[in-house]
Each structure stands twice: as structure tokens, then as C-alpha cells.
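In case you want the letters, here they are:
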Amino acid sequence: MKVAICGGGLVGALEACYLAKRGYEVHLFEARPDPRKQDRVVINSINLALSPRGITALEKVGVAAPVVKDGIPMRARMIHSHSGQLSQIPYSKDGKAILSVDRRGLNEYLLSEAEKYQNVTLYFEHKLKSSDPNTGTLVFHNGNTYQVDFIVGADGAHSQTRRSVMRHSRVNYSQYYIPHGYKELCIPPAEAGGFRMAQNFLHIWPRNTFMMIALPNLDGSFTVTLFMPFERFEELTNPTQVLEFFEREFPDSIDLIGRERLEKDFFTNPTAPLITVKCSPLAYKHTVLLGDAAHAIVPFYGQGMNSGFEDCEVLDTFLDKYSDLGMNPAPCHFVALVLFSILYHLLHLVVETWVLCCGDFVHVFFFLFLFFFSALCSWLLPATLG
């Protein structure tokens, strides 16, 4: 059985491990160069919050331990008010934590784990031009053509695999850009080493129509992400305006980031859009869509990566029950129905979360609601939500 995975990101790399463990001949194609051989640069990347559902998916193929070891536990949200008052809202009543993990480091690790299998071949700088879900033919922009038995589309929110499926099947598809963009900033480590804020928290500054978050890194720094309407970003055109804005809205963050660094990073780092994607069905003939290719979501509920990892686990579970991918595509249709029913409602929940999250009442009412709602869901659906 020869399987092509389009997309070498987090979900594609993990799915390569899943399929390789089953003995399939796996060919993973990624449009970008090998990230393990590239210099670290600022990219449009939000730090990841790995939850128990994501960890469970990693454990099933034996790759969780180093990720958990290097992750920083975040046991609560730390809410920063205008006045600098701090309020803690725990993630669970029994002290469970989510983990702050580095996106690129995790991606590189999963690619290396996939590459350890002799039946996995990685192809970089292979941007998909088209695929045929009927014949298993893939055509790439570099002129290469491949024939496989099955195609897994894990090539992100702007998936070319999904577009190819849409040309062959009646796919219901929608995408929505929220009015907000995001910009990455950084709180550096303390001069003497260590963290400038309490490290075992996800720090949040909620402010009416925008907010800022900060997640800890192993080197003592925090990755800071500012979410704000594009028109507000466009109003800040010089360093003086940026400093005035932060002094007004996030006064306790200025000394943490540093004035010079704030001015430099704000105008150097890009402002990126946020998109949601919904499509159904998620499988057609011998092609299945996973991760953002199937259900891209905005990051305010912290479940994008975790949902994608769970896709891999759910597909693997159905493969246990319903035989082979190539001979029997039924597993893909079952998994499509299960995932769509869950993720359709999750997409709406995440967007509604953002609407609520923008208000100043977030530190009292919203997060208390979120805490009790999450606890209720975990009690009602312990095997589904985490």
C-alpha cells in the first residue's frame, strides 16, 4: 500500500508516523524547504498549547515523552487587568495542565521521528499542483508526478488537496476571515536568567475588541501574540503611537518586553490574518482531509493542533476496525462523519469564544464560564474532549 501525505506540518508528520507504523509505504510531500536545515526567523506562528487529547494522539505512536518533557506546564490562565491586577483561573479543578510547546521544534521533531521509519520518504520543496482522488495521481509544480494508492491531505487551511477533491465531488466548503489579525512579539529572559513573569501560566491581557497573550518558552522567554482588528494595527504608524498604545492598554508589559525591542518587533514582525475553514465531506474516494485542510479554526480555544492530532488518532482507530485504506475506503467516510459532527460545533464555539473574549468582563465572567463549561464537557465526553 503506497500512501502520499500532502503537507509536512504537524499533522502530516504525525500521520506519517501512524501510517508507517502500520507498514504502509509512506511518501510525505512538503512545499517548503526542510525546516531542520533552515535558520530560525520570525514567521507567522502562534505558540502551541498541547492538551491531553493531543498528548494521547502522540502517545499512540510512541512520540509523546520528549514533547511532554520539554513542554512547560500551564496550570491556569493569568489575567492582567489595566491596573496590573492579576487574577488566576485554573484549567481544571484537579490541577491538570496544558503544555506550552514550540511549534517549529515540535514540527522538526515529528519529521525526524517519521524519517526513522524505513518505509517513509520525505520530499521537500514539492508544492502540489493537483491531485486526482479517483486515480491517486499527484502532480507537483516542479514537474514531478507520482502515482499512489491513497492520498492524505494535511496541507493546511489553503489546501490544494482539498481544491482537487472539490473538482471531483460535491463538497460543501466555506471560509471566513475574522476582522482581526495577529502580531508576534517577545518578552526576553531576565538578565540573570529565568522568567520575567510566573512561567506556569498562560498570560492574557483582555481589552474590549482586542487582547494579548503570552506563553512561556524553555529559554526563559515568552512568546507574545497581539490579536487586534486590522484597522487598529494600521492606525499605529510610528514608534510614539505604539508606545502610547501600550502604555494605555498594556502598561505592565512595556518593561517586560523592553521599549526598544517593542518598537523594533512591532514594525519588523508581520501582521497575519486568521481564518476558519469548514468543508464536508472530509473524504472522497481514496482521499481524506486532516487538520487545517479539513477544519481550520482560529486559535482562541487552543484546539487547532489538538484537533488535528486527534484526526490522526481517530482515523487510526477506524483503520483498526475497517481494514485497509486502499481496498476499503469506508474508514475515511466513517471518520469524516465523526470529525465533521464534532468540529462543526467546535468552529462555532471558537469564534463565539473570541467575541466574548474581547470584553473586559472576561476575567470575571467569561473565564469562569469557560472553566465550568470545559469541566462539564470533560465529564460528559471524557474520550472526546481534553
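Our subject is the structure that appears above.
Calculation criteria
- Residues numbered from 1 in each chain as written.
- Predicted model: local features only at pLDDT ≥ 70, side-chain atom pairs only at ≥ 80, totals over all residues.
- Heavy atoms only, no water.
- Helix = DSSP H or I, 4+ residues; strand = E, 2+ residues; numbered from the N terminus.
- Buried < 20%, exposed > 50% of the residue type's maximum accessible area, 1.4 Å probe, protein only.
- Contact = heavy atoms within 4.5 Å.
- Areas by Shrake-Rupley, 256 points an atom, 1.4 Å probe, with all protein chains shown as cover.
- Phe/Tyr/Trp six-rings, centres within 6.5 Å; stacked < 30°, edge-to-face > 60°.

> Mind laying out the overall build of the protein chain, listing which residues take part and the relevant values?
Of the regular secondary structure elements, the protein chain holds 13 helices and 19 strands. Residues classed as buried in the protein chain amount to 54% of the 386 residues present. For the protein chain, the proportion of contacts with a sequence separation of at least 24, taken over those separated by at least 6, is 71%. For the protein chain, the computed accessible surface area is about 17,100 Å², with 55% contributed by carbon and sulfur atoms.

> Outline the packing of aromatic side chains, listing residues and values.
According to the stated counting rule, one finds 14 aromatic pairs in the structure shown. Their ring planes at 20° and their centres at 4.5 Å tell us that Phe29 and Tyr123 sit as a pair that is stacked. Taken together, the residues span a long stretch of sequence, with Phe29 in strand 2 (residues 25–29) and Tyr123 in strand 8 (residues 120–123) at a distance of 94 residues. For the pair formed by Phe29 and Tyr123, the shared burial category is buried. Between Phe233 and Phe266, the aromatic rings sit 6.2 Å apart at their centres with planes inclined by 35°, giving tilted as the arrangement. Taken together, the residues span a long stretch of sequence, with Phe233 in helix 6 (residues 230–235) and Phe266 in helix 9 (residues 259–268) at a distance of 33 residues.

> Can you lay out the environment of Leu138 for me, pointing to particular residues and giving the numbers?
Mapped onto the secondary structure, Leu138 falls in strand 10 (residues 137–140). In this structure Leu138 comes out as buried when scored by relative accessible area, which is 0%. The sequence separation of Leu138 and Ala4 amounts to 134 residues, and the corresponding C-alpha distance is 8.6 Å. Once residues within four sequence positions are removed from consideration, Leu138 is found in contact with Ala4, Cys6, Leu128, Ser130, Ser131, Asn144, Thr145, Tyr146, Val148 and Ile151.

That is the geometry; function is a separate question.
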